[in-house]
Amino acid sequence: MIMSSDTVKLKRDINTASLEIPSLIDKVTIRRDGRGIPYIEATNQNDLYLAQGYATASDRLWQMDFLRRTARGELSEILGPDALNVDKLHRIYGFTRVAEKLLERASLSTRNVLESYATGVNAFINECSAESLPLEFRVLRYQPTSWTPADSLVLGKLFAEKLSFTAEADILRALMSGLPREKFNALLPESSPIDVMPAGNDVVGKHNPRHRSHTREQRTFTELETSILTELLKMLRTFRAATGGDGQVGSNSWVVSGERTVSGKPMLASDPHLPPTSPSIWHIVNLSAGDLRVGGVSVPGVPGVMIGHNQWIAWGITNLCPDVQDLYIEQFDENDPCSYNTPSGLQRAEVKREEISVRKSADETERVNIDIKVTRHGPIIIEKGSTGVALRWTALDTEIIDLDTFIGLNRARNWDDFVTALSGYGGPPQNFTYADVAGHIGFHSAGRIPIRRTGDGSLPYHGATDDGEWLGFIPFEELPHAFDPPSRTVIMANQRIVRDDYAHHLTANWRVPYRARRIYDRLQAKRKFNVDEFLSIQADTYSYPDAIFANELVKLAAPFVNSSEEWHEMAEMLDGWEAYSSSESTVLPLITEMRKSFRRHILEAALGPELAQFYEWRNEATFLDQLITERPTAWLPEGFTSYESLLLACYREAVSVLSTQFGADRREWTWGRLAQVRFPHPLERIPSAGSPFATTTFPQNTGGSMPTVNAGPKVSMRFIADLSDWDSTRLCLPLGQSGDPASVHRQDQLDEWRNVAPSTLPFSESAIATATQTMLLMTPSREFST
């Protein structure tokens, strides 16, 4: 009998169902609450993860299959030629080879977890007939293959891909390297006047920090090298768009000690920001076996809980944004295209043949072969003539399994256990926030960040030298961390977290600190907090850059309000605006479009139209804020004699854009209409499949945007833990637990997410029992019973 998240619920006369699984050691109970969330109780670890695999597959099997195919470069086999370029790049990365090598090196306990989980997934697959498979399989007319332990490991590489982007920044700097140094530094700021440091939350801007420059990295590039780097940047941006990324991922997580809460115990909030998808990227689960009880979100296809809490600690995660990718321009021998220059002479590249199956019709496929060159620095990701570019990336290392860290976190009882679990973390470097029932709080950065022989990897290296060799990684104990900081507060929002005197290079490309600053401001405005007040901060939509822009417009408008109708309109529009990106705001859309226009004019004048289209810097808004507030004439585009004339042109362009999109009635120019929310499904654009999978597009009724704490559609889940009462934990997804378009749990959490009002996630046995609406009893098959 197949038990999906709502099978039993639909059969009104059945509250409890039973199922025999051959590989079980003992009985397992899976309870589900009104949102279809599984609470899994087993007597041993193997059964626990088997049941998690089964329960997750019953909700998300096709999503799991799609994700593993994406990582392995096997999408073309089901989607056809349109997916071939995505498959090629993933084959070049070699995620499958990395996962298989990691599995070979895994400890026995880790292998047991992975194998148990895979057994549970396969138990569900084996029970599915062709007619009962998830709809996507039926629409695309293919069968899922068995899940393997390596499949769970390869999914971690997709997270690394979403959270690692410094190769693009390296190329951008190379293309901008001909600029005057002052202009180069201004366009690529590394700090901000409103930086918020987590170890005590002291404000960098108060003492006018030295602006770190890129002068330590100066390198020249030939016309051919510039050409191939430009082509590579186009390829990476196209690939990112094709896989649903837009460079705007981030996260918030903050913690306060019991001295700052109504309950007297710490509180922790976490809301990761990732591109919106249908189904949601997370799956909520509660796991219990022996002394292990943990609840939170997992990644479909991966055992354990990634963000959440157990009986003793809670933790959250934000991206550290570190520089973990380096590019090397390799010169191949014209007479021997597989040999390339090194300091010791020519060296032979390893050549790997990859065969990709490409679907041509329902019953026909063709084979596409690609040869991948792998140098001492990594795979060649683009080649033109005898010049290629190799990528070295920590995600391609085969030494550390990320899963071990999360299994350790799930069982951690205190700070020492927490740190021990993180010390072996090898995934995309993250900041892990922490709170425990004993009253302690803190954070620790974790992950492998390279130390280079020379420079900091900010520009592509010439591979024929040893300048860019990795000498090792920053020691874990020297990564940023704090335990019980004096401020009794930790704030993480992808902002810069170290001062200039920090001993190591983490990155030059921090996120602009608007969200961190707003969280800081909100936490400073009140002495003690409860869960509802934390939710209020998660819902906050105050927009720093738009406030700055609007304030400067008011100053510029003042002399002209009586002589210019357009300046009068602007002044009247901005009068009393409090800079919140609320859904009903008619000011924000105009400010947003004006700021876009201002950015375009400035960049095209400074970089030229072609290079301006490639400019993307995580802290670029700091540069734009500086321009609009200081208004240096050196940055004025040709044809404009003042910032007043430039901004008037921006106003006219913004009015034209909004009038074309929404009509002449300015009352219709609302942020809710401009910032539409949608969760794309991979099949929604396929004519024969799309309609069942299309998620309704709706106005962003609670507001929010990327610069605000509430990052709108990017918020991939909302989590708040009050360590005084685990049953008061709040957690929701943007849509729901199920990936089935017909399921009542496909998007039954949508209103909770939109209204920033997540339901409680029961944790105690009594609370779980009270919340239970359906129950599945899993037992070993009789022939395997003693």
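Since the structure is predicted, the reported quantities are computational estimates derived from the model, not experimental observations.

Colleague: Which residues make up the packing of aromatic side chains, and what values do they have?
Modeller: In total, this model carries 28 aromatic pairs according to the counting rule given. Ring plane angle 45° and centroid distance 6.3 Å describe the contact between Phe406 and Phe432, whose orientation is recorded as tilted. One end of the pair, Phe406, is in helix H12 (residues 402–411); the other, Phe432, is in strand S17 (residues 430–436), with 26 residues separating them in the sequence. The buried category is assigned to Phe406, whose relative accessible area is 8%. In this structure Phe432 comes out as buried when scored by relative accessible area, which is 0%. Counting every residue linked through ring pairs, the aromatic cluster contains Trp415, Phe418, Tyr434 and Phe483. Seen from the ring of Phe184, Arg181 lies directly overhead, with NZ or CZ sitting 4.6 Å from the centre. Taking NZ or CZ as reference, Lys183 lies 5.3 Å from the ring centre of Trp635, over its face.

Colleague: I'd like to hear about the pattern of salt bridges, residue by residue, with values.
Modeller: One pass over the full model with this rule turns up 48 salt bridges. Each of Asp65, Arg68, Arg69, Arg72, Glu77 and Asp151 takes part in one network of salt bridges that share partners.

Colleague: Please provide a residue-by-residue account of the sheet that holds strand S23 (residues 489–492), values included.
Modeller: With respect to topology, 5 strands assemble into an open sheet ordered S23-S4-S5-S24-S25, the strand pairing being antiparallel. Strands at the two margins of the open sheet, each flanked by one partner only, are S23 and strand S25 (730–732). In this sheet, adjacent strand axes meet at a mean angle of 5° when their direction is disregarded. Relative to strand S24 (residues 718–722), strand S5 (residues 267–273) is paired through 4 bridges, and the arrangement is antiparallel. The residue bridging Ala269 from the neighbouring strand is Ile720, located in S24. Relative to the sheet, helix H14 (residues 514–524) contacts strand S4 (250–256), S5 and S23, its axis offset from that of S4 by approximately 25°.

Colleague: Provide a residue-level description of the side chain of Ser583, including the pertinent values.
Modeller: Along the chain, Ser583 falls in the loop between helix H17 (565–574) and helix H18 (587–607). A distance of 3.2 Å separates polar atoms of two side chains, one belonging to Ser583 and the other to Glu584.

Colleague: An account of the environment of His462 is requested, with residue identities and associated values reported.
Modeller: With respect to the helices and strands, the residue His462 is situated in strand S20 (residues 461–462). Residues His462 and Arg667, spaced 205 residues apart in sequence, show a C-alpha to C-alpha distance of 56 Å. His462 has contacts with Arg219, Thr220, Phe221, Glu225 and Ile329, leaving out every residue within four places of it along the chain.

Colleague: Explain the packing of helix H2 (residues 45–72) against helix H6 (residues 108–127) to me, using residue names and the numbers behind them.
Modeller: Two elements in contact, H2 and H6, have axes separated by 7 Å at closest approach and are oriented at 50°. As summarised for this structure, H2 and H6 are arranged oblique, according to the angle between their axes. Considering the relative orientation of H2 and H6, their crossing is right-handed. Where H2 abuts H6, its residues Gln45, Asn46, Tyr49, Leu50, Gln52, Gly53, Tyr54, Thr56, Ala57, Ser58, Leu61 and Met64 lie against Ser109, Asn112, Val113, Ser116, Tyr117, Thr119, Gly120, Val121, Ala123, Phe124, Ile125 and Glu127. Grouping the constituent residues of the contact of H2 with H6 by class yields 12 nonpolar, 11 polar and 1 charged.

Colleague: Account for the confidence of the model for the chain, naming residues and giving values.
Modeller: Per-residue pLDDT for the chain has a mean of 92; in total, 93% of the residues score no lower than 70. This model gives residues 1–14 a pLDDT under 50, and the stretch forms 37 contacts once residues within four places in sequence are excluded. Confidence over residues 200–215 falls short of pLDDT 50; this stretch has 44 contacts with residues more than four positions distant or in other chains.

Colleague: I'd like to hear about unusual backbone geometry, residue by residue, with values.
Modeller: Note that the residue after Ser278, namely Pro279, is joined by a cis bond; omega there is 0°. Inspection of the secondary structure puts Pro279 in the loop between S5 and strand S6 (283–289). A positive phi angle, near 50°, is found at Asp484, a position not held by glycine. The exposure class assigned to Asp484 is partly exposed, which follows from its relative accessible area of 29%.

Colleague: Got a sec to walk through the sheet that holds strand S22 (residues 481–483)? Specific residues and values, please.
Modeller: One open sheet accounts for 11 strands, arranged S1-S26-S2-S3-S6-S7-S8-S9-S17-S18-S22; its pairing is mixed. The sheet is open, and its two edges are formed by strand S1 (16–21) and S22, each paired on a single side. In this sheet, adjacent strand axes meet at a mean angle of 20° when their direction is disregarded. Where strand S18 (residues 441–446) and S22 come together, 3 bridges link them in antiparallel fashion. Note on S22: the bridge partner recorded for His444 is His481. In the packing of H12 onto the sheet, the strands contacted are strand S7 (292–298), strand S8 (307–310), strand S9 (313–319) and S17, and the crossing angle to S9 comes to about 150°.

What counts as what
- Residues numbered from 1 in each chain as written.
- Predicted model: local features only at pLDDT ≥ 70, side-chain atom pairs only at ≥ 80, totals over all residues.
- Heavy atoms only, no water.
- Phe/Tyr/Trp six-rings, centres within 6.5 Å; stacked < 30°, edge-to-face > 60°.
- Helix = DSSP H or I, 4+ residues; strand = E, 2+ residues; numbered from the N terminus.
- Buried < 20%, exposed > 50% of the residue type's maximum accessible area, 1.4 Å probe, protein only.
- Lys NZ or Arg CZ within 6 Å of the ring centre and 35° of its normal.
- Salt bridge = Lys/Arg side-chain N within 4 Å of Asp/Glu carboxyl O.
- Pairing = 2+ DSSP bridges.
- Axes fitted to C-alpha atoms, helices over the stretch in contact; angles between N-to-C directions.
- Contact = heavy atoms within 4.5 Å.
- Polar contact = N/O pair within 3.5 Å; in protein donor to acceptor, adjacent residues only side chain to side chain.
- Parallel < 35°, antiparallel > 145°, perpendicular 65-115°, else oblique.
- Left-handed = near helix turned anticlockwise from the far one by under 90°.
- Nonpolar A, V, L, I, M, F, W, Y, C, P; charged D, E, K, R; others polar.
- pLDDT = per-residue confidence, 0-100.

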